[in-house]
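# Topology and contacts: notes
Each chain, letter by letter, is given below.
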Amino acid sequence: MSIRLVAVDEHVLLRLGLAGVLTGCPDIALVGEAGSAAEAERVVDETQANVVTIGLNLPDSDGVAAARKLRAVHPELGIVLLTAVSDDALLYRALDAGLSAYVTKSAPVQTLLAAVRHAAVAPTSFTAPGLQAALSRRNTQNGLLSPRERQVLSLMRDGSSLPAIAAHLEVSEATVKTYVSRLYSKLRVNNRAQALMVAVNQGLLPAVDVAA
């Protein structure tokens, strides 16, 4: 059975390029295109697609957030995130969001086609070029912070004040200040905003998806 693919990207030229690539693939049929997240939901429903490729930056949504919505409605839908750059933090987001694959737009055509075919047969199994190396880097980074420091970092990301963090953890405010000081030292930053930015970029803290 051929793969029914929908291409979701804000750039018409990319969608046309993908259509051209697929002309030589008898097992993959491009059954629809969409330039926004809202349009993607409609097209996927109308075409009964089983795989979508989706760009990161859509006019009305972040691509990962849009992918989450599509997966919630279509649990067996294969979803391939196409991005302009290779980035560990973005790869981790795609993995944590339950997507099927992560591929850069500069990847060889065969890599993209392999990701689409993977998404069709194993939509809930994640693949990406260099995945094992990225996971190894993530595990190394994860060892940087203690479980308690991660908890403090997460609460900081949620906007909690130091007294609120102390109350939540049932420790003194002085203890929380010690944790925060250690965090800043390990991340080599000077304030909360810098700490959160570095933590997300290094995959130590999941990025917050844009609200659907």
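Nothing here was measured: the structure is a model prediction, and the numbers come from that model.

Calculation criteria
- Residues numbered from 1 in each chain as written.
- Predicted model: local features only at pLDDT ≥ 70, side-chain atom pairs only at ≥ 80, totals over all residues.
- Heavy atoms only, no water.
- Helix = DSSP H or I, 4+ residues; strand = E, 2+ residues; numbered from the N terminus.
- Buried < 20%, exposed > 50% of the residue type's maximum accessible area, 1.4 Å probe, protein only.
- Contact = heavy atoms within 4.5 Å.
- Areas by Shrake-Rupley, 256 points an atom, 1.4 Å probe, with all protein chains shown as cover.
- Lys, Arg positive; Asp, Glu negative; His and termini not counted.
- Charge placed at Lys NZ, Arg CZ, Asp CG, Glu CD.
- Core = buried A, V, L, I, M, F, W, Y, C linked by side-chain atoms within 4.5 Å.
- Polar contact = N/O pair within 3.5 Å; in protein donor to acceptor, adjacent residues only side chain to side chain.
- Salt bridge = Lys/Arg side-chain N within 4 Å of Asp/Glu carboxyl O.

### Here we look at the overall build of the chain
Of regular secondary structure, the chain possesses ten helices and seven strands. Principal-axis analysis of the C-alpha atoms places the extent of the chain at approximately 65 × 30 × 25 Å. By residue count, 44% of the 212 residues in the chain fall in the buried class. A separation threshold of at least 6 residues defines the contact pool for the chain, and within that pool the share at least 24 residues apart is 63%. Of the roughly 10400 Å² of accessible surface on the chain, 54% is carried by carbon and sulfur atoms. Positive and negative side-chain charges in the chain, numbering 19 and 19 respectively, have mean positions lying 8 Å apart.

### As for the nonpolar core
Of all hydrophobic cores here, the largest spans 30 residues; its most connected members are Ile-54, Ile-79, Leu-81, Leu-91 and Tyr-102. Contributions of two or more residues to this core are made by β1 (3-8), α2 (37-47), β3 (51-55), α3 (63-73), β6 (78-83), α4 (88-96) and α6 (131-142). Look past the residues within four positions of Tyr-102 in its chain and what remains in contact with it is Leu-81, Thr-83, Val-85, Ser-86, Asp-87, Leu-90, Leu-91, Ala-94, Phe-126, Thr-127, Ala-128 and Pro-129. Counting 20 residues, the second-largest nonpolar core is a separate cluster that includes Val-176, Leu-187, Ala-199 and Leu-204.

### What to know about α4
Listed in full, the buried residues belonging to α4 are Ala-89, Leu-90, Leu-91, Tyr-92, Arg-93 and Ala-94. If you check the start of α4, you find a side-chain oxygen 3.2 Å away from the backbone N of Ala-89, and it comes from Asp-87. Note on α4: the residue one or two positions beyond its end, Gly-98, has a positive phi of about 85°.

### Let's talk about unusual backbone geometry
Residues apart from glycine generally show negative phi values, whereas peptide bonds are mostly found in trans. In this structure, Gln-48 takes a positive phi of about 55° despite not being glycine. Tracing the sequence through the fold places Gln-48 in the loop between α2 and β3. Taking the relative accessible area as the measure of exposure, Gln-48 reaches 65% and is therefore exposed.

### Notes on the pattern of salt bridges
Across all of its chains, the model carries nine salt bridges by this definition. Note that Asp-62 and Arg-93 form a salt bridge whose closest N and O atoms lie 3.0 Å from each other. Of this pair, Asp-62 sits in strand β5 (residues 61-62) while Arg-93 sits in helix α4, and the two are 31 residues apart along the sequence. On the basis of relative accessible area, Arg-93 is assigned to the buried category, the value being 14%. Its salt-bridge partner being Lys-186, residue Glu-149 comes within 2.9 Å of it at the nearest N-O pair. Of this pair, Glu-149 sits in helix α7 (residues 147-157) while Lys-186 is found in helix α9 (residues 173-187), placing the two residues 37 residues apart along the sequence. Residues participating in the shared-partner salt-bridge network are Glu-39, Arg-42 and Glu-46.

### Remarks on the side chain of Glu-149
Judged by relative accessible area, which is 2%, Glu-149 ranks as buried. Ignoring anything within four residues of it in the chain, the contact list for Glu-149 reads Leu-144, Tyr-179, Arg-182, Leu-183 and Lys-186.

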